[in-house]
Amino acid sequence: MKKVTSIAAALALLSGIVIAKEVKIGVVLPLTGGIAAFGETSKRGLDLAHEQNAKLSNGDTVKLVYVDDRSDKVEAASAAQKLIDKDKVAVILGEVASSNSMAMAPIAEKAKTPMITHASTNPRVTKGKKYVTRACFIDPFQGAVMAKYALDNGMKKAVVVTDAKQDYSVGLSKAFKKAYTAGGGKIVKQVLINSGDKDFNAQVATIKAANPDIIAFTGYYNEAALLAKQARNMGVKTPFIGADGVGFPELVKIGGKATEGFMYTDHFNEAAASSPEAKAYVEAYHKKYNKTADSMGALAADAYGMILNAMNACVKEGKASDDKECINAHLRNTKDYKGITGVISINEEGNAVKSAVVNEVKDGKFEYKTTVNP
Amino acid sequence: MDLQIFIQQLINGASLGSMYALIAIGYTMVYGVLRLINFAHGDIMMVGAFLTYFAHQLWGMPFELAVVIGILGAMLVGILTDKIAYKPLRDAPKISLLITAIGISFFLENLFTVLFGSTPKAFKAPEYLTKIFQINDIYLPISVIIIPVVTVLILVAVLWILFKTKQGIAIRALAFDINTVKLMGINADKIIMIVFAIGSALAAIGGVFYAVSYPSIDPLMGIIVGLKAFAAAVLGGIGSVTGAVIGGFILGFTEILVVALFPELGGYKDAFAFFFLILVLLFKPTGIMGQDLERGRF
């Protein structure tokens with residue numbers, strides 16, 4: 001009897017070792033290029049989540065395959081293609097910028113590979129797609145939050161500054177304008193910039209002439225910092241309001257004192273972390289990196305958690321952990337996932353319905369102001 | 001548009017134009033002696049800015065010394081580029097030189113990406129360069145006055161070198177006919193090295209000015225500025241130093257004024273610079289100053 005049981009035990013162990021396999025998640029991030037800061041912080045959050053949780057319930061190991069798309073949408077598309085064809089990943093995680101995610105989405109859709117973006121907020125990323133999900137809110141909501149916050153603070157005249165090169169900015173500006181004018185605000189001027197530009201003196205002159213109560217800026221941190229600096233240099237004292245593209249230490253490093261009072265909407269602020277998941281994440285992040293836990297990293301960690309959630313659900317159903325259809329179904333049907341950035345539920349369009357926070361730059365730090373629920 | 005604001009934009013345009021002018025001079029001088037468009041030149045500007053940043057903010061040296069280090073470093077990079085990449089190809093077809101220049105450009109960009117990371121860095125300039133002063137309703141950072149003034153002084157210095165010194169005669173002779181010059185026993189390689197040194201030093205100064213005006217530096221900052229400076233050099237007449245400066249100022253003014261007068265077109269301001277270039281190439285390829293290289297005028 002003993003012999004049989006020991007052989008049986010050995011066989012079971014062997015089969016366990018043989019069956020446990022490696023499941024790959026392809027990660028496309030801007031690790032270099034104009035928005036490298038987003039990519040770097042996303043990777044930090046993702047690595048932390050992966051470190052804490054790299055195995056599925058059936059013993060399979062999860063592997064992250066990183067590809068740097070250099071902040072370029074053409075590279076993002078080819079990165080997605082490579083991950084699907086060559087690395088045979090089960091899921092794609094990425095990207096940050098909506099322009100880049102939109103380049104990847106059709107490729108994932110065609111290959112029936114589930115894709116989840118942790119931070120792209122332009123609604124067109126998931127529109128009409130069955131295989132693309134996102135872990136964050138979308139810009140119609142974010143624009144409305146920006147508009148409401150401005151109006152609630154008595155700012156009735158706005159100049160909108162849009163980054164013409166970024167789909168994120170164009171979409172968000174549209175959303176802001178719609179909500180702002182619906183709420184009784186008046187858009188006195190619309191100004192365009194390009195990401196990569198450094199000189200905004202002409203735009204600042206236009207803003208100065210329009211004399212608004214608030215300047216709504218929907219682009220990224222680098223341009224925000226330079227714009228704020230040049231505006232203050234030219235004697236424009238109007239406050240700025242931005243969105244999740246500006247909430248980075250570089251905003252203050254480059255913009256200096258000119259960014260004091262810069263308000264912006266975001267997905268997460270570690271100071272407002274109240275749930276046990278959020279607190280644990282912030283603590284682990286501080287311990288590992290000794291830096292402030294920002295929204296991109298938290299969102300990436302949440303996207304990772306959602307993927308593992310889906311994979312484990314598939315395993316429970318008796319399916320393979322890299323069954324793309326099954327993973328996609330579970331991702332799209334995520335309900336009440338207790339994430340770091342909030343409780344995440346995905347609606348029929350593949351978007352998350354979540355709260356936004358509003359922060360403000362004070363003494364060079366990002367101070368939490370309030371949370372706005374959908 | 002308000003007169004005050006118009007004047008302010010003119011001054012901004014002059015400042016931006018000066019930076020283009022400084023870099024354009026380097027393009028035009030190298031073209032003059034080698035008939036090579038040195039596409040790596042914009043990246044020399046980046047090298048100058050980064051070395052200054054490195055010396056001042058990471059090594060803690062005083063700003064002035066850091067600028068000198070930046071200039072010397074850029075000169076070194078320029079001279080080395082010539083020695084390693086362009087000299088072996090002196091007798092090769094021009095296309096090989098062009099490809100090599102582009103290769104050096106990629107190399108410098110990626111080297112600095114590896115060394116410094118690609119997140120933009122905050123460039124800290126001393127108070128006396130960034131102070132804002134106010135006349136009526138016009139606010140001007142003091143740099144916007146300093147930059148054009150220094151540029152004109154540098155232009156005068158370069159022209160003096162070209163027309164009043166022996167090396168200057170040699171440079172102009174090289175631009176005129178390189179083979180005869182060699183037959184005359186002049187060390188052409190040494191003269192070419194001087195040209196690269198001057199051009200790179202100017203680009204580094206332009207880079208520092210650019211970093212002072214727009215204090216966010218990244219390894220790819222030289223690309224678009226370099227392309228525009230090249231457009232400026234062609235606009236002014238490639239091969240002519242005065243032309244490069246004129247072209248630089250024209251480009252700087254147009255860029256600022258287009259956005260000031262038509263803010264809805266702000267997204268297309270780069271298009272205007274290159275549109276100019278296309279017009280010039282179509283109708284007067286020799287540029288504003290005309291190609292006086294054949295007559296030995298610089």
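Source: prediction; values computed, not measured. (Residues numbered from 1 in each chain as written. Chains lettered and ligands numbered in written order. Predicted model: local features only at pLDDT ≥ 70, side-chain atom pairs only at ≥ 80, totals over all residues.)

## Overview of the pairing of strand β8 (residues 214–217) of chain A
Residues and elements named next belong to chain A. In β8, alternate side chains face the same way, and those of Ile214 and Ala216 on one face and Ile215 and Phe217 on the other are all buried. Bridge count for strand β6 (residues 157–163) against β8 is 4 bridges, and the pairing is parallel. What sits directly across from Ala158, in β8, is Ile214. Of the pairings in the sheet, the one linking β8 to strand β9 (residues 240–242) comprises 2 bridges and is parallel in character. In the sheet register, Ile215 faces β9, and the bridge partner there is Phe240. For the segment spanning β8, helix α8 (residues 221–233) and β9, crossover handedness is right-handed. (Buried ≥ 20, exposed ≤ 12 C-beta atoms within 10 Å, placed from the backbone. Helix = DSSP H or I, 4+ residues; strand = E, 2+ residues; numbered from the N terminus. Pairing = 2+ DSSP bridges. Right-handed = clockwise from strand over helix to strand, strands pointing away.)

## A closer look at the packing of helix α2 (residues 41–58) of chain B against helix α4 (residues 94–116) of chain B
All names here are of chain B. α4 packs onto α2 with a crossing angle of 25° between their chain directions and a minimal axis gap of 9 Å. In this view, α2 runs roughly parallel relative to α4, as classed from their interaxial angle. For the pair α2 and α4, the crossing hand works out as left-handed. Residues Asp43, Met46, Val47 and Phe50 of α2 touch α4, and the partners they reach there are Ser105, Leu108, Glu109, Phe112 and Phe116. Each residue belonging to the contact of α2 with α4 can be placed in one class, and the counts come to 6 nonpolar, 1 polar and 2 charged. (Axes fitted to C-alpha atoms, helices over the stretch in contact; angles between N-to-C directions. Parallel < 35°, antiparallel > 145°, perpendicular 65-115°, else oblique. Left-handed = near helix turned anticlockwise from the far one by under 90°. Contact = placed C-beta atoms within 7 Å. Nonpolar A, V, L, I, M, F, W, Y, C, P; charged D, E, K, R; others polar.)

## A word on the domain arrangement of chain A
Residue and element names in this part refer to chain A. Its domain assignment divides chain A into domain 1 (19–137 + 275–356) and domain 2 (142–266). Just the C-alpha atoms count here: the centres of domain 1 and domain 2 sit 29 Å apart. Taken together, the contact pairs 14 residues of domain 1 with 17 residues of domain 2. If you tally residues by element for the side of domain 1 that touches domain 2, the top one is helix α4 (residues 98–110), at 3 residues. Counted by class, the side of domain 1 that touches domain 2 contains 7 nonpolar, 6 polar and 1 charged residues. (Domains from an automatic or database assignment.)

## Concerning the sheet that holds strand β1 (residues 22–29) of chain A
All names here are of chain A. Pairing is parallel in the open sheet, where 5 strands are placed in the order β2-β1-β3-β4-β5. Only two strands of the sheet have a single partner each, and these edge strands are β2 (61–68) and β5 (132–134). The average undirected angle you get between the axes of adjacent strands in this sheet is 25°. In the sheet, strand β4 (residues 115–117) pairs with β5 via 3 bridges, with the strands oriented parallel. Residue pairing for β5: Met115 is matched across the bridge by Val132.

## Side note on the interface of chain B and chain A
At the interface, 25 residues of chain B touch 27 residues of chain A. For the side of chain B that touches chain A, the secondary structure elements donating two or more residues are α1 (3–34), β3 (138–141) and α11 (241–261) of chain B. Of all the elements, α1(B) adds the most residues to the side of chain B that touches chain A, at 5 residues. The residue makeup of the side of chain B that touches chain A, split by class, is 14 nonpolar, 9 polar and 2 charged.

## Quick word on the sheet that holds strand β10 (residues 263–266) of chain A
Residue and element names in this part refer to chain A. The sheet built from 7 strands is open, its strands ordered β7-β6-β8-β9-β10-β13-β14 with mixed pairing. At either end of the open sheet lies a strand with only one pairing partner, and these are β7 (186–193) and β14 (365–372). Going across the sheet, the axis of each strand differs from the next one's by a mean of 25°, ignoring polarity. Inspection of the sheet shows β6 paired to β7 by 7 bridges, in the parallel sense. Pairing of Ala158 across the sheet is with Ile187, part of β7. Against the sheet, helix α6 (residues 167–182) touches β6, β7 and β8, its axis set at about 165° to β6. Together, β6, β7 and β8 form the strand contacts of helix α7 (residues 201–210), whose direction differs from that of β7 by roughly 175°.

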